[in-house]
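Chain and residue survey
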Amino acid sequence: MGKDAQRSPDGVREQPAGLHHLLASEEPATAMAIVEGLGLREPTPPQPRPRVLLNMVSTVDGRATLDGRSAPLSSIADRHLFRALRMSADCVMVGAGTVRTERYGRLIREPSARRARRERGLSEEPLACIVSGRLSLDAEVPLLADPDANVVIATSSAASVAGARAHVDYVRPSTDGVLDLGASLAELRARFAVELLLCEGGPHLASQLFAAGLVDELFITISPTLAGGEASGGEALRILAGPELQPPLPLELLGVLESASDLFLRYRIRTS
């Protein structure tokens, strides 16, 4: 061992780790150009479910919302990256609570963006998938009230949303009355040709997906904000809400971007 070696908390002698400067001096690029360079639609090893990306925003101390909503944490650059990721996805999945709170509407509104997707061989708009175990959804949510929207609802309920003007399909795989997320993803791929799925939360759905081993990559924006509050408080949600992951999931850093003190991190979920 060299003279700089120190002991870890468990008493093992270890050499100092190398640290790297990540703030590069290269010219800035647009969110769309960056996402197009990530290779998100490149072929992946065969599996029964789509490739799943999770995109969330957080304060430096881990809060996923302020005053119950994520929008106050989102900067211009974050919103551009948010839209660019949607542009590559076959399907955008979101929990029912987030749909209600954030008042979700059509996923891609701009005609130019819809045309750009069509030119890339994609549908004009990603399929919208709402996860609602008990089907606690109001037909007046903008997404469900839009007659031009195509929505799939993943639920363990046998009921349907009364009065929805959107075109709505259902996937209902469940075990002992609990929605089976893995089977739901497999059905989205088999029935709706979903190869790349983008999940936008919220924290409860994100936690369930991680616990089931169903997330391939995490995109997280760290807002330069401190919020405080207890993690168990009603509005002080962290990006994962629910039981601790057992064991905790290790992540591999794939990329770092910075804009006006926002950090944009991309991780691969490491599996054994």
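Refer to the structure above for everything that follows.
Described in the following lines is the structure provided in the data block. (Residues numbered from 1 in each chain as written. Predicted model: local features only at pLDDT ≥ 70, side-chain atom pairs only at ≥ 80, totals over all residues. Heavy atoms only, no water.)

By the definition in use, this model includes 0 aromatic pairs. Sitting over the ring of Y170, R172 keeps its end group 4.3 Å from the ring centre. (Phe/Tyr/Trp six-rings, centres within 6.5 Å; stacked < 30°, edge-to-face > 60°. Lys NZ or Arg CZ within 6 Å of the ring centre and 35° of its normal.)

Before going further, it helps to examine the sheet that holds strand 12 (residues 251–259). Strand order in the open sheet formed by 9 strands is 7-6-5-4-10-3-11-13-12, and the pairing between neighbours is mixed. Each edge of the open sheet carries a strand with a single partner, namely strand 7 (167–171) and strand 12. Averaged over all pairs of adjacent strands, the angle between strand axes in this sheet comes to 20°, irrespective of strand direction. Across 3 bridges, the pairing between strand 4 (residues 91–95) and strand 10 (residues 196–199) is parallel. Paired with M93 across the strands is C199, a residue of strand 10. (Pairing = 2+ DSSP bridges. Helix = DSSP H or I, 4+ residues; strand = E, 2+ residues; numbered from the N terminus. Axes fitted to C-alpha atoms, helices over the stretch in contact; angles between N-to-C directions.)

For the pair helix 2 (residues 76–88) and helix 4 (residues 111–119), interaxial distance at closest approach is 10 Å and the crossing angle is 40°. Crossing geometry of helix 2 relative to helix 4 is assigned as right-handed. Contacts from R86, M87 and S88 in helix 2 reach A113, A116 and R117 in helix 4. For the contact of helix 2 with helix 4, the class distribution of residues is 3 nonpolar, 1 polar and 2 charged. (Left-handed = near helix turned anticlockwise from the far one by under 90°. Contact = heavy atoms within 4.5 Å. Nonpolar A, V, L, I, M, F, W, Y, C, P; charged D, E, K, R; others polar.)

Turning our eyes to something else, we now look at the pairing of strand 10. Side chains of strand 10 alternate between two faces, with L196 and L198 and L197 and C199 buried alike. The pairing of strand 3 (residues 51–59) with strand 10 spans 4 bridges and is parallel. Residue pairing for strand 10: L53 is matched across the bridge by L198. (Buried < 20%, exposed > 50% of the residue type's maximum accessible area, 1.4 Å probe, protein only.)

What follows is about the pairing of strand 13 (residues 262–269). The buried count for strand 13 comes to 6 of 8 residues, which makes it a mostly enclosed element. Both strand 11 (residues 217–223) and strand 13 contribute to a ladder of 6 bridges, which runs antiparallel. Directly across from I222, in strand 13, lies its bridge partner L263. Bridging between strand 12 and strand 13 involves 8 bridges; their strand directions are antiparallel. Along strand 13, the bridge assignment pairs L253 with Y267. Hairpin remark: strand 12 followed by strand 13, antiparallel, with 2 residues in the connecting loop; positive phi at A260, about 50°.

Right, let's talk about the pattern of salt bridges for a bit. Considering all chains together, one arrives at 15 salt bridges under this definition. Between D90 and R41 there is a salt bridge, with the nearest N and O atoms lying 3.1 Å from each other. Of this pair, D90 sits in the loop between helix 2 and strand 4 while R41 sits in the loop between helix 1 (31–36) and strand 3, and the two are 49 residues apart along the sequence. Judged by relative accessible area, which is 36%, R41 ranks as partly exposed. Between E217 and R51 there is a salt bridge, and its shortest N-O distance comes to 2.7 Å. With E217 in strand 11 and R51 in strand 3, this pair connects stretches of sequence that are 166 residues apart. Under the relative-accessibility criterion, R51 is labelled buried at 13%. Look at the salt bridges and you will find they share partners, linking R106, R114, R118, E124, E125 and D146 into a network. (Salt bridge = Lys/Arg side-chain N within 4 Å of Asp/Glu carboxyl O.)

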